[in-house]
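Below, each chain spelled out in residue letters.
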Amino acid sequence: MTGAVPSRHHDIADDLRQQIMTGRIKPGERLPSESGLAVQYKVSTVTLRRALATLQAEGLVEKAHGKGNFVRRPLRKVMYVGGWGTLDPWTAAEAALHVTVRSTTLQAHGHLTTLLKVPTGSPLVEFTCISHEGDSPHGLARIYVPRDLAPAGVLDDASSGRDAVTRFAVLGPPPAAVRETVCARPPTPDEASCLRIGSARAVLAITRVATDSTGRVVEAGLLVFPGDRVDAVFTTHRVIDERQTQ
């Protein structure tokens with residue numbers, strides 16, 4: 001990596017961006033250390049990090065904690081199928097996604113009491129799921145289930161239960177209703193860290209609440225995807241009034 005010595009962070013970002021776009025620095029390649037780049041460009045590490053932050057916000061570079069900065073590989077999109085509460089299995093398989101899952105028990109508090117319509121302190125199970133394509137995070141889901149409704153197969157690592165988790169699907173039996181609220185917004189600091197994206201990039205956030213025939217909330221899911229990595233598809237079926245057909 002050679003050339004004129006830029007004097008400001010946007011000049012450094014321009015130089016690195018040009019090298020990435022022309023293929024001189026290839027997808028997946030690790031950049032030199034931040035201290036090394038600072039010496040190379042004859043700037044402080046603060047200035048150098050501002051340049052890298054610009055490229056991270058653009059989605060060209062991602063920072064892996066403890067490993068360094070890497071040129072981001074182009075990621076294919078997956079499809080989130082609204083109403084079914086799942087990643088489309090065909091596009092998910094094409095993108096070679098794998099999902100890491102961590103489960104923990106906790107007591108309902110704050111917004112969780114509102115989402116699940118339970119009293120503060122009610123026992124819940126939280127499933128934190130992060131999908132990856134290669135080494136790059138692709139999506140994040142936090143799924144909450146009342147402890148007495150948590151499927152045993154999920155907690156016991158049975159394949160049938162884990163399959164639902166790894167598709168970000170509704171975990172229990174088919175619910176009577178699923179309500180999904182979708183919005184585009186900046187990521188929270190925790191989401192940006194988990195997904196390795198800049199705080200200026202938009203994410204697609206889906207809040208999914210599933211209820212049974214009695215109206216009890218059986219699951220609440222908080223799903224977050226970088227906006228350039230997912231398409232959300234919702235299909236509306238026309239409801240025919242049977243009284244009009246008689």
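Residues numbered from 1 in each chain as written. Predicted model: local features only at pLDDT ≥ 70, side-chain atom pairs only at ≥ 80, totals over all residues. Heavy atoms only, no water.

## A short note on the sheet that holds strand β4 (residues 86–87)
We apply this condition: Strand pairing is defined by DSSP finding a minimum of two bridges between the two strands. Every helix listed is a DSSP run of H or I at least four residues long, and every strand listed is a run of E at least two residues long, numbered separately from the N terminus.
Pairing is mixed across the open sheet formed by 3 strands, whose spatial order is β4-β3-β11. Looking at the sheet topology across the chains shown, the edges are occupied by β4 and β11 (230–233). In this structure, strand β3 (residues 78–81) lies alongside β11, joined through 4 bridges in parallel fashion. Counted as the bridge partner of Met-79 is Asp-231 from β11.

## Some remarks on the nonpolar core
Most often, soluble globular proteins have nonpolar side chains that are buried together. The condition that has to hold: To qualify as a nonpolar core, a set must consist of buried Ala, Val, Leu, Ile, Met, Phe, Trp, Tyr and Cys residues joined through side-chain atoms within 4.5 Å. Only protein chains enter the area calculation, which uses a 1.4 Å probe; residues under 20% of their type maximum are buried, those over 50% are exposed, and those in between are partly exposed.
Judged by nonpolar contacts, the single largest core of 22 residues is most densely connected at Cys-129 and Phe-168. The set of elements that each furnish at least two residues to this core consists of β3, β5 (97–107), β6 (123–133), β7 (136–146), α7 (159–166), β9 (203–211) and β10 (217–226). Counting residues in hydrophobic clusters, the runner-up holds 17 residues, among them Ile-12, Leu-37, Val-61 and Val-71.

## Observations regarding the pairing of β10
Looking down a regular strand, the side chains alternate between one sheet face and the other. Across the 10 residues of β10, 9 count as buried, placing the element largely inside the fold. Both β7 and β10 contribute to a ladder of 5 bridges, which runs antiparallel. By the bridge assignment, Tyr-144 is partnered in β10 with Ala-220. The pairing of β9 with β10 spans 9 bridges and is classified as antiparallel. Of the residues in β10, the one forming a bridge with Ala-205 is Val-224. Hairpin remark: β9 followed by β10, antiparallel, with 5 residues in the connecting loop; positive phi at Gly-215, about 90°.

## Let's talk about unusual backbone geometry
The phi dihedral of Lys-42 falls on the positive side, at around 60°, and the residue is not glycine. Locating Lys-42 in the fold gives a position in the loop between α2 (34–41) and α3 (45–57). By relative accessible area, which is 68% here, Lys-42 ends up exposed. The phi angle at Lys-117 is positive, at roughly 55°, despite the residue not being glycine.

## Comments concerning α3
This is how it is decided: Every helix has an expected span of 1.5 Å times one less than the residues it contains. Arc, as used here, means the arc of the directions from the helix axis to the C-beta atoms. Residue contacts are counted whenever heavy atoms from the two residues lie within 4.5 Å of one another.
Taking 1.5 Å per residue as the helical rise, α3 with its 13 residues ought to reach 18 Å, and the 18 Å between its terminal C-alpha atoms agrees with that figure. Among all positions of α3, only Leu-48, Ala-51, Leu-52, Leu-55 and Gln-56 are buried. End-on view of α3: buried residues confined to an arc of 145°, all on one side of the axis. The inward-facing, buried residues of α3 abut α1 (9–21), α2, β1 (61–64) and β2 (68–71). Where α3 ends, the next residue or the one after it, Gly-59, has phi of about 85°, a positive value.

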